[in-house]
Amino acid sequence: MDITLPYLALSEAASAAPTNLASVAIDFALAPATVPLDLVLAAATPAGMIPQWLKLTGVVAAAALAAAAVLAGSVRARAVAMLGALVVSPLLLLAEVWDSPQVSALTARPALVGGALVVGLAAVAVLAVIFARRPNAFALAAAAALPFRVPIELGGTTANLLLPLYLVVGTGALGWAIPRLRRSNRGQEDKPAGWLERLLLGSVVLYAVQAVYSTDPSKALSQVVFFYVPFAVLFAQLKSLDWSPRLVGQSFAVLVGLALIFAAIGFVEYATREVLFNPKVIASNQMQEYFRVNSLFFDPSIYGRFLAVVMLGLAALLIWSEREKVVLATTAGLVILAGGLLLTLSQSSFAALLAGLGTLALLRWPPRWILLAGALVVATGVSLVLFAPSLIGVDLTSRETANRASSGRLKLIDGGVKLVSARPLIGWGSGSFEREYRRVEKVSSPRASAASHTIPVTIAAEQGVFGLALYFAFLAVALRRLLAGARRDLRRAAIAAAFVALTAHTWMYAAFLEDAMAWALLAVGATLAAAAPPPIRARQRERRREPVPVG
């Protein structure tokens, strides 16, 4: 029952109306943290006078700087790259929206803009000092800001921006990077990057490079600037922290508290039959027999995905803990959040939760019994679909009914396969799927969904064989890093299960690297894996290699 919408309305807004107030808002949210307004304005020229190749060069440069903020060999080099990424990204946005009426309205009122910048700079300075002195405060602030997207209405278009998270990431970057620019930090080594980090940031750089020949470069620019660059900076900062059991517990407590609040709001929406955001969901609820809620999220499926991730953490506590109070508290929390998830009617979120629970079961109990139980469940489901489809409302004998049962995904996948077959090697370019799908399928209605909602299909269509191979290589390395040895650590098991759930969700709803939660889970999970003791067999091999004293 998922409504086939993009992960954020931002993507539609950026492609259909790239000169919107949302882009301006995030520009002024980040620019004050890096350079004064007069320098930004002096460096920028009207967007129409900036050649496209120069913008695309800036996209590649921003992605390369974000990658260097994670992969560079010394702390000082990472700090320089991090600050460079925060400078280049707002300049790219400013160049993209300079001709917009909104920017003209702001530049025509310099006193108001100047006053806002003074207040903003003061807030940025205070937060940067706090995060520099208390790094754990950054982790808690990031956890609190992860789910919040601020909807901005303009001319009937809604753009959902992660403004609170951008503020935390920008100020945190200043607090982290500036102290590390001192001469005393030259040559100092940070936690070494492994294949997970190389493949993750390599995916970002490849995406930026393939924007050069994209048929929708504005979409690619918005993806890099709004998601990949700030999330890579977030990843670098989270990975530099010492994730003690106390800090992990505190961060998870913040997420649980938010999830309970969101669930309460969802219950109120269901009781009053009034949804706060998303006109499409409101219209759908008026026409259908069922009623979906989205709490403070723009999309029920994104709301459901967040609840599923938190529920997996509670489920890990429940099955690993032996304390009665913990069992009772987690059970109560799971019941409440399960009710909230049920009201979303999100198929993809339920499937993600099942994938995460299966992962927890494999980590907690003997795998052979879990695999046997999973096989029985799958066999039962296949039997129902084949022999009694009316019982579950799924009829695969008709392509049209199967497409409706999948909320239109089969048609979107078919269109994606056509795009892949037409240009399999390098794809149509980053961010091009929606535009090319509308062209190939002759979709004229702007309201019709054109996002594939299946990450492998999107990557194959946009980035071809090279992008798809890199994606699967990264996924294999990430799962190996997160799952290896996770059965001995409750925290690592919960993070691994949550990442599996998010991955499963993206195969039915897309938005993989556009989700800050995925980056956060990878950063914390990779750090805990690096700090974990080696497996017993590895320790035994090390002992055998030790020299035996003689005499």
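Please read all numbers here as calculations on a predicted model, not as lab measurements.

Enquirer: Pulling in residues and values, what's your account of the packing of helix α8 (residues 135-145) against helix α9 (residues 163-177)?
Expert: The angle between the axes and the distance between the axes are what describe a pair of packed helices. The interhelical angle for the contact between α8 and α9, taken along N-to-C directions, is 160°, at an axis separation of 8 Å. The orientation of α8 relative to α9 falls into the category roughly antiparallel. Relative to α9, the crossing made by α8 is left-handed. Across the interface between the two elements, F138, A141, A142 and A145 from α8 touch P164, L165, V168, V169 and G172 from α9. In the contact of α8 with α9, the residues fall into eight nonpolar, one polar and no charged.

Enquirer: Explain the pattern of salt bridges residue by residue, including any values.
Expert: What the rule picks out here adds up to eight salt bridges. E197 is the partner of K239 in a salt bridge, and the nearest nitrogen-oxygen pair spans 3.5 Å. Of the two residues, K239 sits in helix α11 (residues 217-239) while E197 sits in helix α10 (residues 195-209), which places them 42 residues apart along the sequence. E197 carries the same exposure label as K239, and that label is buried. The salt bridge partner of E197 is R481, with a shortest N-O separation of 3.2 Å.

Enquirer: Any chance you could break down the confidence of the model for the protein chain for me, citing the residues and the numbers?
Expert: On average, the protein chain scores 80 in pLDDT, and the residues at 70 or more come to 74%. Every residue in residues 153-157 is under pLDDT 50, and counting partners more than four places away or in other chains gives six contacts.

Enquirer: Just give me the short version of the packing of aromatic side chains, but keep the residues and values in it.
Expert: The tally for this structure, following the rule as stated, stands at 17 aromatic pairs. Aromatic pair F227 and F231: ring centres 6.0 Å apart, planes at 45°, arrangement tilted. Highlighted residues: F227 and F231, both in helix α11, separated by four residues, approximately one helical turn. Exposure remark for F231: the relative accessible area of 0% places this residue in the buried category. Cluster of aromatic residues (ring-pair linked, three or more members): Y471, F472, F474, F499, W507 and F512. Lying across the ring of F291, R273 places its NZ or CZ 5.1 Å from the centre.

Enquirer: Got a sec to walk through the nonpolar core? Specific residues and values, please.
Expert: Taken as a class, soluble globular proteins show a tendency for nonpolar side chains to be buried jointly. Ranked by size, the top nonpolar core spans 128 residues in total, and within it W243, F306, F512 and L522 carry the most contacts. The greatest single-element share of this core, amounting to 15 residues, is contributed by α11. Apart from the residues lying within four places of it in its own chain, the contact partners of L522 are L196, L200, F235, F474, A478, L482 and F499. With eight residues, the next largest nonpolar core counts L412, L419, Y437 and V443 among its residues.

Enquirer: A description of the side chain of Q237 should follow, citing residues and the corresponding values.
Expert: Secondary-structure assignment places Q237 in helix α11. When its relative accessible area of 3% is taken as the criterion, Q237 is described as buried. Beyond its immediate chain neighbours, meaning those up to four positions away, Q237 contacts M82, F138, V169, G172 and A173.

Enquirer: Can you explain helix α12 (residues 245-272)? Please cite residues and give values.
Expert: Along its 28 residues, α12 runs 41 Å from first to last C-alpha, staying within 8% of the 40 Å computed at 1.5 Å per residue. Among the residues of α12, L247, V248, S251, L255, V256, L258, A259, F262, A263, G266 and E269 are the ones counted as buried. Considering only its buried residues, α12 is in contact with α8, α14 (300-320), α15 (324-344) and α23 (490-509).

Enquirer: For the side chain of D489, give the residues involved together with the corresponding values.
Expert: For D489, the position within the fold is in the loop between α22 (455-483) and α23. On the basis of relative accessibility, which here comes to 18%, the residue D489 falls in the buried class. A distance of 2.9 Å separates a polar atom in the side chain of D489 from the backbone nitrogen of R491.

Definitions and cut-offs
- Residues numbered from 1 in each chain as written.
- Predicted model: local features only at pLDDT ≥ 70, side-chain atom pairs only at ≥ 80, totals over all residues.
- Heavy atoms only, no water.
- Axes fitted to C-alpha atoms, helices over the stretch in contact; angles between N-to-C directions.
- Helix = DSSP H or I, 4+ residues; strand = E, 2+ residues; numbered from the N terminus.
- Parallel < 35°, antiparallel > 145°, perpendicular 65-115°, else oblique.
- Left-handed = near helix turned anticlockwise from the far one by under 90°.
- Contact = heavy atoms within 4.5 Å.
- Nonpolar A, V, L, I, M, F, W, Y, C, P; charged D, E, K, R; others polar.
- Salt bridge = Lys/Arg side-chain N within 4 Å of Asp/Glu carboxyl O.
- Buried < 20%, exposed > 50% of the residue type's maximum accessible area, 1.4 Å probe, protein only.
- pLDDT = per-residue confidence, 0-100.
- Phe/Tyr/Trp six-rings, centres within 6.5 Å; stacked < 30°, edge-to-face > 60°.
- Lys NZ or Arg CZ within 6 Å of the ring centre and 35° of its normal.
- Core = buried A, V, L, I, M, F, W, Y, C linked by side-chain atoms within 4.5 Å.
- Expected span 1.5 Å × (residues − 1).
- Polar contact = N/O pair within 3.5 Å; in protein donor to acceptor, adjacent residues only side chain to side chain.

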